[in-house]
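Summary of structural features
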Amino acid sequence: MKIIIIGPPGSGKGSQAELLQKKLRLKHIPLGEILRQEIKKNTVIGKKVKSISMGILAQDYIVDKLINKIIKGRDNFILDGYPRRLAQARYLDKIIKVDRVFLFDIPKNLIIKRLSNRYVCMCGETYNLLSKKPKKNLTCDKCKKKLYQRDDDKIDVIKRRIELYNKQTKPVIDYYRRKKILFKIDSSKSIENVFNEIKNKLYKH
Ligand SMILES: [Zn+2]
């Protein structure tokens, strides 16, 4: 199964991809995280992505090549964070046959509520004041350091990220809808319910 998941920030894509990886052996390929690691490790790709983050075309080319390298020879995976643009969706069609595209659908106010309650620790732990509260107020359960909010998770930034997401991905969504492989998922439900919905749609013909 070659799957793509598309959804705004805070729609729970990450948790679902992890579940799918664990239970159905689909390799989770989170492009955003992969690029962050490349930049952090200062690799050739990392340097290029960083230095040309203004030049969209060049960046597309580098990202396409990276994706090609990662998915080559793999049969079971979930692409997350790619394709973001129509040109990328078309490129992907040249190298593989996509089986399903899951679109995570969630009201904007719920995204804001979820993300603005997210707090992280330097050790990598993530908390949510709504669903995964730390035992002691804003302190990491594991290492006792003070938790903080990512700049990305502040309300104004969240709103901007959602707008950008809507603008960028609309043509991609339309593209897959026309190909009749787009499946909408109501991701405002619980993690378990969302997972069951995906599973049902995964094996339906
Ligand atoms: Zn910690």
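Right, let's walk through the structure included here. Everything quoted here is computed from the prediction, not taken from an experiment. All residue numbers here refer to positions counted from 1 along the written sequence of the relevant chain. The model is predicted, so local features are restricted to residues of pLDDT at least 70 and side-chain atom pairs to those at 80 or more, both for listing and for counting; the totals for chains, interfaces and linings are taken over all residues. The basis for every side-chain value is the complete set of heavy atoms in the structure, and neither hydrogens nor water enter the calculation.

Side chains bearing opposite charge may pair, as long as their charged atoms lie close to each other. Whenever a carboxyl oxygen of Asp or Glu lies within 4 Å of a side-chain nitrogen of Lys or Arg, that contact is scored as a salt bridge. All chains considered together, the criterion is met by 14 salt bridges. Taking the shortest distance from any N to any O, the salt bridge between Lys 97 and Asp 99 comes out at 3.7 Å. Residue exposure (1.4 Å probe, protein chains only): buried if accessible area is under 20% of the type maximum, exposed if over 50%, otherwise partly exposed. Residue classification places Lys 97 among the exposed residues on the basis of a relative accessible area of 62%. Its relative accessible area of 23% is what places Asp 99 among the partly exposed residues. Each of Arg 118, Asp 153 and Arg 161 takes part in a single network of salt bridges with overlapping partners.

Two rings from Phe, Tyr or Trp (for Trp, the six-membered ring) form a pair when their centres sit within 6.5 Å of each other. Planes less than 30 degrees apart are called stacked, planes more than 60 degrees apart edge-to-face, and all others tilted. In this structure the tally under the stated criterion is two aromatic pairs. For the pair Phe 102 and Phe 183, a centre-to-centre distance of 6.0 Å together with 50 degrees between the ring planes defines the contact as tilted. Of this pair, Phe 102 sits in strand β4 (residues 100–105) while Phe 183 sits in strand β7 (residues 182–186), placing them 81 residues apart in sequence. One exposure class covers both Phe 102 and Phe 183, and it is buried. Aromatic pair Tyr 175 and Tyr 176: ring centres 5.3 Å apart, planes at 70 degrees, arrangement edge-to-face. Residue classification places Tyr 175 among the buried positions, given a relative accessible area of 12%. The helix and strand labels rest on DSSP assignments: H or I over at least four residues marks a helix, E over at least two residues marks a strand, and numbering proceeds from the N terminus.

Here we come to the sheet that holds β4. Taken together, the five strands give an open sheet; going across it, the order is β2-β3-β1-β4-β7, and neighbouring strands pair in parallel fashion. Each of the sheet's edge strands pairs with one partner strand only, and the pair in question is β2 (27–30) and β7. Between one strand and the next, the sheet's axes are offset by a mean angle of 25 degrees, whatever the strand orientation. Two residues form a contact once any of their heavy atoms are found within 4.5 Å. Where helices are involved, their axes are fitted lines through C-alpha atoms of the stretch in contact, as for all axes, and angles between N-to-C directions lie from 0 to 180°. Those strands touched by helix α2 (residues 31–40) are β2 and β3 (77–80), and its axis lies near 65 degrees from that of β2. Strand contacts of helix α7 (residues 155–178): β1 (2–6), β4 and β7, with the helix running at about 145 degrees to β1, the strand carrying the most contacts. Paired strands, as defined in this entry, are two strands with at least two bridges between them according to DSSP.

Coordination shells were defined by N, O and S atoms within 2.8 Å of each metal, extended to 3.2 Å for Na, K and Ca; water is absent from the atom set, which can make sites look incomplete. Distances from the zinc ion to its protein donors, namely Cys 121 (SG), Cys 123 (SG), Cys 140 (SG) and Cys 143 (SG), fall within the range 2.3 Å. Every angle between 85 and 135 degrees makes a four-donor site tetrahedral, while opposite donors more than 155 degrees apart, with all other angles between 65 and 115, make a four-donor site square planar and a six-donor site octahedral; other sites are irregular. Angles of 98 to 118 degrees at the metal separate the four donor atoms of the zinc ion, which places the site in the tetrahedral class. Taken in chain order, the donor set of the zinc ion reads C-x1-C-x16-C-x2-C. A residue pair is termed long-range when its members are at least 10 positions apart, and Cys 123 in the loop between β5 (118–120) and β6 (126–128) and Cys 140 in the loop between β6 and α7 qualify at 17 residues. On the accessibility criterion, Cys 123 (42% relative accessible area) is partly exposed. On the accessibility criterion, Cys 140 (1% relative accessible area) is buried.

Before going further, it helps to examine unusual backbone geometry. The general pattern is negative phi for most residues beyond glycine and trans for most peptide bonds. Residue Pro 83 is reached from Tyr 82 by a cis peptide bond, and omega for that bond is -5 degrees. For Pro 83, the location among the structural elements is in the loop between β3 and α5 (86–95). The backbone of Leu 138 shows a phi angle near 55 degrees, a positive value even though the residue is not glycine. In this fold, Leu 138 is placed in the loop between β6 and α7. With a phi angle near 70 degrees, Lys 144 is a residue other than glycine that sits in the positive phi range. Looking at the element boundaries, Lys 144 is found in the loop between β6 and α7.

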